[in-house]
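Notes for the structure review
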Amino acid sequence: MNFKLDTNYSEEELQFISEHDCKILSEITLSKTNFSSYEIPRRMFNYGGTYIAEIIDDETNSPVWAVLSKWKGVYHFSTYYSSLERLEQGL
(Lines give C-alpha, C1' and ligand atoms only; values in the text may rest on other atoms or scores of the structure.)
Protein backbone atom coordinates (compact mmCIF):
# COMPACT_ATOMS: atom_id res chain seq x y z
CA MET A 1 0.00 0.00 0.00
CA ASN A 2 1.36 3.41 -0.96
CA PHE A 3 0.75 6.36 1.37
CA LYS A 4 1.11 9.95 0.12
CA LEU A 5 2.15 12.11 3.05
CA ASP A 6 1.79 15.77 3.94
CA THR A 7 5.20 17.51 4.10
CA ASN A 8 4.04 20.72 5.79
CA TYR A 9 5.53 21.15 9.26
CA SER A 10 5.47 24.02 11.74
CA GLU A 11 8.63 26.01 12.45
CA GLU A 12 8.98 24.20 15.80
CA GLU A 13 8.65 20.81 14.12
CA LEU A 14 11.14 21.77 11.40
CA GLN A 15 13.61 22.86 14.07
CA PHE A 16 13.28 19.45 15.80
CA ILE A 17 13.69 17.65 12.47
CA SER A 18 16.76 19.70 11.59
CA GLU A 19 18.38 19.35 15.04
CA HIS A 20 18.00 15.57 14.94
CA ASP A 21 19.00 15.18 11.28
CA CYS A 22 15.65 13.59 10.42
CA LYS A 23 14.45 12.96 6.89
CA ILE A 24 10.92 14.06 5.95
CA LEU A 25 9.05 11.51 3.84
CA SER A 26 6.62 12.54 1.11
CA GLU A 27 5.41 8.97 0.56
CA ILE A 28 5.99 5.46 1.85
CA THR A 29 5.07 2.02 0.57
CA LEU A 30 4.23 -0.65 3.14
CA SER A 31 3.46 -4.19 2.02
CA LYS A 32 1.14 -5.31 4.83
CA THR A 33 -0.45 -3.04 7.40
CA ASN A 34 -2.68 -3.46 10.41
CA PHE A 35 -3.84 0.17 10.70
CA SER A 36 -7.19 1.23 12.06
CA SER A 37 -8.97 4.08 10.27
CA TYR A 38 -7.41 6.47 12.82
CA GLU A 39 -3.91 5.17 12.19
CA ILE A 40 -3.51 6.20 8.56
CA PRO A 41 -0.25 8.20 8.61
CA ARG A 42 -0.65 11.89 7.83
CA ARG A 43 3.01 12.92 8.02
CA MET A 44 6.16 10.85 8.52
CA PHE A 45 9.84 11.28 9.06
CA ASN A 46 12.84 9.06 9.72
CA TYR A 47 14.41 9.67 13.15
CA GLY A 48 17.69 7.81 13.67
CA GLY A 49 16.58 4.82 11.62
CA THR A 50 13.08 4.74 13.14
CA TYR A 51 10.01 5.74 11.17
CA ILE A 52 7.77 8.17 13.04
CA ALA A 53 4.25 9.00 11.85
CA GLU A 54 1.65 11.53 12.85
CA ILE A 55 -1.65 9.72 13.34
CA ILE A 56 -4.93 10.49 15.11
CA ASP A 57 -5.47 9.13 18.62
CA ASP A 58 -8.78 7.26 18.55
CA GLU A 59 -9.60 8.23 22.16
CA THR A 60 -8.81 11.96 22.11
CA ASN A 61 -9.24 12.54 18.37
CA SER A 62 -6.04 14.60 18.41
CA PRO A 63 -2.75 14.05 16.59
CA VAL A 64 0.03 11.98 18.18
CA TRP A 65 3.45 10.80 17.02
CA ALA A 66 3.75 7.02 16.67
CA VAL A 67 6.62 4.61 16.06
CA LEU A 68 6.16 2.38 13.02
CA SER A 69 7.06 -1.24 13.80
CA LYS A 70 6.91 -4.54 11.98
CA TRP A 71 5.85 -7.78 13.66
CA LYS A 72 5.40 -11.07 11.84
CA GLY A 73 5.59 -9.25 8.51
CA VAL A 74 2.83 -6.76 9.32
CA TYR A 75 3.38 -3.04 9.94
CA HIS A 76 1.69 -1.44 12.94
CA PHE A 77 2.22 1.44 15.36
CA SER A 78 3.79 0.30 18.61
CA THR A 79 4.48 3.37 20.75
CA TYR A 80 2.67 6.71 20.92
CA TYR A 81 3.87 10.15 22.04
CA SER A 82 1.83 13.29 22.59
CA SER A 83 4.64 15.61 21.44
CA LEU A 84 8.02 15.61 19.76
CA GLU A 85 9.62 16.41 23.13
CA ARG A 86 8.15 13.25 24.65
CA LEU A 87 9.20 11.30 21.57
CA GLU A 88 12.77 12.52 22.04
CA GLN A 89 12.74 11.48 25.71
CA GLY A 90 11.19 8.09 24.91
CA LEU A 91 13.58 7.13 22.15
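Residues numbered from 1 in each chain as written. Predicted model: local features only at pLDDT ≥ 70, side-chain atom pairs only at ≥ 80, totals over all residues. Heavy atoms only, no water.

1. Side note on the sheet that holds strand β4 (residues 43-47)
Counted only if it meets this: Here the rule is simple: two strands pair whenever DSSP picks up at least two bridges between them. Secondary structure elements are defined from DSSP: runs of H or I of at least 4 residues count as helices, runs of E of at least 2 residues count as strands, and each element is numbered from the N terminus. Throughout, an axis means a line fitted to C-alpha atoms (over the contacting stretch in the case of helices), and angles, computed between N-to-C directions, take values from 0 to 180 degrees.
If you trace the five strands from one edge of the open sheet to the other, you get β2-β4-β5-β6-β7, paired in antiparallel fashion. Each end of this open sheet is capped by a strand with a single partner; those strands are β2 (23-25) and β7 (74-81). Ignoring strand direction, the axes of neighbouring strands in this sheet form an average angle of 35°. Taken together, the three bridges between β2 and β4 define a ladder with antiparallel strand orientation.

2. Notes on the nonpolar core
Stated formally: Here, nonpolar core refers to any group of buried Ala, Val, Leu, Ile, Met, Phe, Trp, Tyr and Cys residues whose side-chain atoms link them within 4.5 Å. Classification of residues uses two cut-offs on accessible area relative to the type maximum, computed with a 1.4 Å probe and protein chains only: under 20% is buried, over 50% is exposed, and between them is partly exposed. Any two residues having at least one pair of non-hydrogen atoms within 4.5 Å are treated as being in contact.
Ile28, Leu30, Met44, Leu68 and Phe77 are the most contacted members of the largest nonpolar core, which totals 14 residues. Of all the elements in the fold, those that place two or more residues in this core are β5 (50-56), β6 (63-71) and β7. In terms of residue count, the dominant contributor to this core is β6 (three residues). With residues near it in sequence (within four places) discarded, isoleucine 28 still touches Met1, Asn2, Phe3, Leu5, Met44, Tyr51 and Leu68. In this structure, Phe16, Ile17, Val67 and Leu87 belong to the second largest nonpolar core, which totals twelve residues.

3. Points about the side chain of glutamate 13
Secondary-structure assignment places glutamate 13 in helix α1 (residues 11-19). Judged by its relative accessible area of 14%, glutamate 13 is buried. Every residue in contact with glutamate 13, bar those within four places of it in the chain, is listed here: Arg43, Trp65 and Leu84.

4. What about the pattern of salt bridges?
Short version of the rule: Each salt bridge in this description consists of a side-chain nitrogen of Lys or Arg and a carboxyl oxygen of Asp or Glu lying within 4 Å of one another.
This model, assessed by the stated rule, comprises four salt bridges. For the salt bridge of arginine 43 with glutamate 54, the shortest nitrogen-to-oxygen distance reads 2.9 Å. Of this pair, arginine 43 sits in strand β4 while glutamate 54 sits in strand β5; the two residues are eleven residues apart in sequence, bridging distant segments of the chain. By relative accessible area, which is 8% here, glutamate 54 ends up buried. Put simply, Glu13, Arg42, Arg43 and Glu54 are held in one network by salt bridges that share partners.

5. Overview of the packing of aromatic side chains
Heads up, the rule is: Between rings of Phe, Tyr and Trp, where Trp is taken as its six-membered ring, a pair exists when centres lie within 6.5 Å; planes separated by under 30 degrees are stacked, by over 60 edge-to-face, and by other angles tilted. Counted as over-ring charges are cases with an Arg CZ or a Lys NZ within 6 Å of the ring centre that also lie within 35 degrees of the ring normal.
Scanning the entire structure with this criterion turns up five aromatic pairs. Summarising the aromatic geometry, the rings of phenylalanine 16 and phenylalanine 45 are spaced 6.3 Å apart at their centres and angled 65° between planes, so their arrangement reads as edge-to-face. Highlighted residues: phenylalanine 16 in helix α1 and phenylalanine 45 in strand β4, separated in sequence by 29 residues. By the burial criterion, phenylalanine 16 is buried, and phenylalanine 45 matches it. These aromatic residues form a ring-pair network of at least three members: Phe16, Phe45, Tyr47 and Trp65. Residue placement shows arginine 43 over the ring face of tyrosine 9; its charged tip is 4.4 Å from the ring centre.

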